[in-house]
Amino acid sequence: MKFLMTYASTSKVPPTPEQMAAIGKFSQEMAATGNLLMTGGLQRPTKGTRVQFAGGKFTVLDGPYAETKELIDGFALIDVKSHEEALALAKRFMSIAGEGDGEVLQVFDSADIPR
């Protein structure tokens, strides 16, 4: 089962070098076990572009949107045996990264698509 885990720090203080090293070590461990498929940090919304598709029209919206309240600092795409295992990995990661919010979302698999 594949899951997308997101994380957004609620701290006003950036992660310490020790936290970043621990996150790197955790990521290496997950990659070595085959659980980590991809991970990355995201730049602030001031570096992004919002887009929309409505009424058959693709629009690049005015921006950037620095006032966005719900930011995602990073993500990880993982491959695990169960939802419970995904939650356990999310708990381990968040205990290293610090206070924050996130989501654990199951990724559709080809077997999930009705035929």
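Calculation notes
Residues numbered from 1 in each chain as written. Predicted model: local features only at pLDDT ≥ 70, side-chain atom pairs only at ≥ 80, totals over all residues. Heavy atoms only, no water. Axes fitted to C-alpha atoms, helices over the stretch in contact; angles between N-to-C directions. Helix = DSSP H or I, 4+ residues; strand = E, 2+ residues; numbered from the N terminus. Parallel < 35°, antiparallel > 145°, perpendicular 65-115°, else oblique. Contact = heavy atoms within 4.5 Å. Nonpolar A, V, L, I, M, F, W, Y, C, P; charged D, E, K, R; others polar. 1 Å grid on protein atoms, 1.4 Å probe; cavity = no way out; pocket = protein on both sides within 12 Å on 5 of 7 lines; lining within 4 Å. Points joined across faces, edges and corners; volume = space filled by probe spheres on them. Expected span 1.5 Å × (residues − 1). Buried < 20%, exposed > 50% of the residue type's maximum accessible area, 1.4 Å probe, protein only. Arc of directions from axis to C-beta. Pairing = 2+ DSSP bridges.

### Here's the deal with the packing of helix α1 (residues 17-33) against helix α2 (residues 83-97)
To describe two helices that pack against each other, one gives the angle between their axes and the distance between the axes.
Next up, step 1: Put simply, α1 and α2 touch, their axes get as near as 9 Å, and they point 160° apart. Our classification of the angle between α1 and α2 gives roughly antiparallel. On the side of α1, the interface is formed by Gln19, Ala22, Ile23, Phe26, Glu29 and Met30, while α2 contributes Leu89, Arg92, Phe93, Ile96 and Ala97.
Next up, step 2: By residue class, the composition of the contact of α1 with α2 is 8 nonpolar, 1 polar and 2 charged.

### Observations concerning the layout of surface pockets
Next up, step 1: When its volume is computed, the largest pocket comes out at roughly 600 Å³.
Next up, step 2: Lining the largest pocket are 32 residues, with Tyr7, Ile23, Asp73, Phe93 and Ala97 positioned closest to its centre.
Next up, step 3: Secondary-structure elements contributing two or more residues to the lining of the largest pocket are β1 (2-9), α1, β2 (36-41), β5 (74-79), α2 and β6 (100-106).
Next up, step 4: Top contributing element to the lining of the largest pocket by residue count: α1, with 6 residues.
Next up, step 5: Taken together, the residues of the lining of the largest pocket sort by class into 17 nonpolar, 11 polar and 4 charged.

### Examining α2
Next up, step 1: Taking 1.5 Å as the rise per residue, α2 with 15 residues should run 21 Å; its terminal C-alpha atoms sit 21 Å apart, in good agreement.
Next up, step 2: Within α2 the residues assigned to the buried category are Ala86, Leu89, Ala90, Phe93 and Ala97. Seen from one end, α2 has its buried residues packed into an arc of 105°, which puts them on one side. α2 presents Glu84, Lys91 and Ser95 as exposed residues on the side facing more than 90 degrees away from its buried surface.
Next up, step 3: For α2, the elements touching its buried residues are β1, α1, β5 and β6.

### Digging into the sheet that holds β6
Next up, step 1: With antiparallel pairing, 4 strands are arranged side by side in an open sheet as β2-β5-β1-β6. Looking along the sheet, the strands with just one partner apiece sit at the ends: β2 and β6. Between one strand axis and the next, the sheet turns by 10° as a mean value, whatever way the strands run.
Next up, step 2: Of the strand pairs in this sheet, β1 and β6 are connected by 7 bridges, and their pairing is antiparallel. Opposite Phe3, over in β6, you have Gln106 as the bridge partner.
Next up, step 3: Running at roughly 25° to β1, α2 makes contact with β1, β5 and β6 of the sheet.

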